[in-house]
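Topology and contacts: notes
Here's the letter readout for the chains.
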Amino acid sequence: MSAILRELLRVSEKAANIARACRQQEALFQLLIEEKKEGEKNKKFAVDFKTLADVLVQEVIKQNMENKFPGLGKKILGEESNEFTNDLGEKIILRLCPTEEETVELLSRVLSGNKLASEALAKVVHQDVTFTDPALDSVEINIPQDILGIWVDPIDSTYQYIRGSADIKSNQGVFPSGLQCVTILIGVYDLHTGVPLMGVINQPFVSQDLNTLRWKGQCYWGLSYLGTNIHSLQLPDSERKGRDTQSQVTEDTSSEAECSHRFSAVISTSEKDTVKAALSRVCGERMFPAAGAGYKSLCVVQGLVDIYIFSEDTTFKWDSCAAHAILRALGGGMVDLRQCLQRSSETGLDWPQLVYHVENEGAAGVDRWANKGGLIAYRSRKQLETFLSLLIPNLAPGDTCT
């Protein structure tokens, strides 16, 4: 199991290198955009782009995992279709070829004969990458490979990847938009139960060298299985005690105003006004709009905010699985917002965690894998309970997705 996680970390960094190369090399960047087909469109955006980098990243992850763990590549599902149509009307299935020269030839067909761009892309695709985390070296956990499924979002927040600025300033550490909101998401789940087991979030664009203009990234991971919880955000004892104390104060404070202002939330820029109004009464000014479902979840993982809440049905299994696994390792989780609001002794009082193995009945296209009830991502159960106890009285029926 830890061998699979180590390989996922490595391929996520390889993917990040591809994303950075495509964004930084002008000859490549101008060629990236291709419209999604109707069945693949995410209805949240008026115009939703598919990039060549998206598809390449997804195929690199699939092929590398299949090479190392035969049979696993077929269990990797993602947002992107690897079928392209070039200027000549040819349909081409994009895949990673055994050699760099063969990949150049295939990419050249996709790019309508653009040899320069094809060679530049093939070079980074076939470049070997080493990436390790010492925290994983001492961990050996055995989980049968045949129960594992993997969700991949090769480049989450595609719009920011294509159009996002490198000069956006953060608000208390949270970036509202820009390249920092781009993430590569890989989530591993149990095919039988749908429970997320491992997650990798690679943030390719964290800091830029002002001399070379090259970007450096950061990778976050977590593993949660049968009581074993490890992650890349191990806190020093002093900080852990500080967080525990803060949670206790939040729970025990009698003044609702004092209590509520201890919460911070990251939200979608498209969140409903009614939900934002309710949140403002709970969080005060500590409500941060940001782009990218993966990035907003990462803000919770990093501890920049307490909660990520989204009331609509335009996030998908590939958006949430990776962060959900990491949050489970941290003691938190990701729940269905609508089901939380409907909780009662009759429906059951367990928190309705998102699951990743079942399609939405009657849905078509990408909507088969939508998080239909919205979501809440959180770092601790106590925080979730207290947050909802404050939010629910401020929400009118019908304020969230139906």
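The protein is annotated in an unreviewed UniProt entry as Inositol polyphosphate 1-phosphatase of Zalophus californianus. According to its UniProt record, the protein has this under Function (unreviewed entry): "Mg(2+)-dependent phosphatase that catalyzes the hydrolysis of the 1-position phosphate from inositol 1,4-bisphosphate and inositol 1,3,4-trisphosphate and participates in inositol phosphate metabolism." On record in UniProt, under Pathway (unreviewed entry), the comment for the protein is "Signal transduction; phosphatidylinositol signaling pathway."

1. Re the overall build of the protein
The helix and strand tally for the protein stands at 14 helices and 15 strands. Here the protein, with 402 residues, has 53% of them falling under the buried criterion. Entry remark: accessible area of the protein is about 17600 Å², with carbon and sulfur atoms responsible for 48%.

2. Quick word on the packing of aromatic side chains
Throughout the structure, instances matching the rule amount to 7 aromatic pairs. On the basis of an interplanar angle of 25 degrees and a centroid distance of 6.3 Å, the ring pair of Trp151 and Tyr189 is categorised as stacked. A residue pair is termed long-range when its members are at least 10 positions apart, and Trp151 in strand E6 (residues 148-156) and Tyr189 in strand E7 (residues 183-190) qualify at 38 residues. Summarising the aromatic geometry, the rings of Trp151 and Trp369 are spaced 4.9 Å apart at their centres and angled 65 degrees between planes, so their arrangement reads as edge-to-face. Taken together, the residues Trp151 in strand E6 and Trp369 in the loop between helix H13 (337-341) and strand E15 (375-378) connect sequence positions 218 residues apart. The two residues Trp151 and Trp369 agree in class, both being buried.

3. Remarks on the pattern of salt bridges
Side chains that differ in charge, positive against negative, can pair when their charged atoms come close. The final tally for this structure, using the stated rule, is 9 salt bridges. Within this structure, Glu7, Arg10, Lys68 and Asp128 form a network of salt bridges that share partners.

4. Brief notes about the side chain of Glu271
Among the structural elements, Glu271 can be located in the loop between strand E11 (265-268) and helix H10 (273-283). Look at Glu271: it is buried, it has no salt bridge, and the nearest opposite charge is Lys272 at 6.3 Å. Among the polar contacts listed, one links the side chain of Glu271 to the side chain of Ser311, at a separation of 2.4 Å. Those residues in contact with Glu271 that lie beyond four places of it in its chain are Lys276, Ile309, Phe310, Ser311 and Glu312.

5. So, the nonpolar core
One broad trend across soluble globular proteins is that nonpolar side chains are buried collectively. The biggest cluster of nonpolar side chains holds 65 residues, and the ones touching the most others in it are Ile61, Met65, Leu94 and Tyr161. For this core, the leading source of residues is helix H1 (residues 2-24), giving 11 residues. Residues in contact with Leu94, not counting those within four places in the same chain, are Leu52, Val55, Leu56, Glu59, Asn82, Phe84, Leu106, Leu107 and Val110. With 38 residues, the next largest nonpolar core counts Val301, Leu330, Leu354 and Leu375 among its residues.

6. Description of the sheet that holds E11
One open sheet holds the 5 strands; their spatial order is E12-E11-E13-E15-E14, and the pairing between them is mixed. Of all the strands in the sheet, the pair left with one neighbour each is strand E12 (287-290) and strand E14 (333-335). Averaged over all pairs of adjacent strands, the angle between strand axes in this sheet comes to 20 degrees, irrespective of strand direction. Strands in contact with helix H11 (residues 293-302) are E11, E12, strand E13 (307-310), E14 and E15; relative to E13, the strand with the most contacts, it is inclined by about 150 degrees. Across the sheet, helix H12 (residues 317-330) is in contact with E14 and E15; its angle to E14 comes to roughly 130 degrees.

7. Digging into the UniProt feature "binding site: Mg(2+)" (unreviewed entry) in the protein
As recorded in UniProt, the feature "binding site: Mg(2+)" (unreviewed entry) lies at Glu79, Asp153, Ile155, Asp156 and Asp319. Judged by maximum C-alpha separation, these annotated positions cover 241 residues in sequence but sit close together in space, the widest gap being only 10.0 Å. Tracing the backbone shows Ile155 in strand E6. On the basis of relative accessibility, which here comes to 1%, the residue Ile155 falls in the buried class. Structurally, Asp319 is set in helix H12. By relative accessible area, Asp319 is classed as buried at 7%. If we ignore the near neighbours within four places in the chain, the residues touching Asp319 are Asp153, Asp156, Leu185, Ala293 and Gly294. At a separation of 2.8 Å, a polar atom in the side chain of Asp319 contacts the main-chain amide nitrogen of Phe316.

Each value, and the rule that gives it
- Residues numbered from 1 in each chain as written.
- Predicted model: local features only at pLDDT ≥ 70, side-chain atom pairs only at ≥ 80, totals over all residues.
- Heavy atoms only, no water.
- UniProt positions renumbered as here; feature names shortened; annotations may be inferred.
- Helix = DSSP H or I, 4+ residues; strand = E, 2+ residues; numbered from the N terminus.
- Buried < 20%, exposed > 50% of the residue type's maximum accessible area, 1.4 Å probe, protein only.
- Areas by Shrake-Rupley, 256 points an atom, 1.4 Å probe, with all protein chains shown as cover.
- Phe/Tyr/Trp six-rings, centres within 6.5 Å; stacked < 30°, edge-to-face > 60°.
- Salt bridge = Lys/Arg side-chain N within 4 Å of Asp/Glu carboxyl O.
- Lys, Arg positive; Asp, Glu negative; His and termini not counted.
- Polar contact = N/O pair within 3.5 Å; in protein donor to acceptor, adjacent residues only side chain to side chain.
- Contact = heavy atoms within 4.5 Å.
- Core = buried A, V, L, I, M, F, W, Y, C linked by side-chain atoms within 4.5 Å.
- Pairing = 2+ DSSP bridges.
- Axes fitted to C-alpha atoms, helices over the stretch in contact; angles between N-to-C directions.

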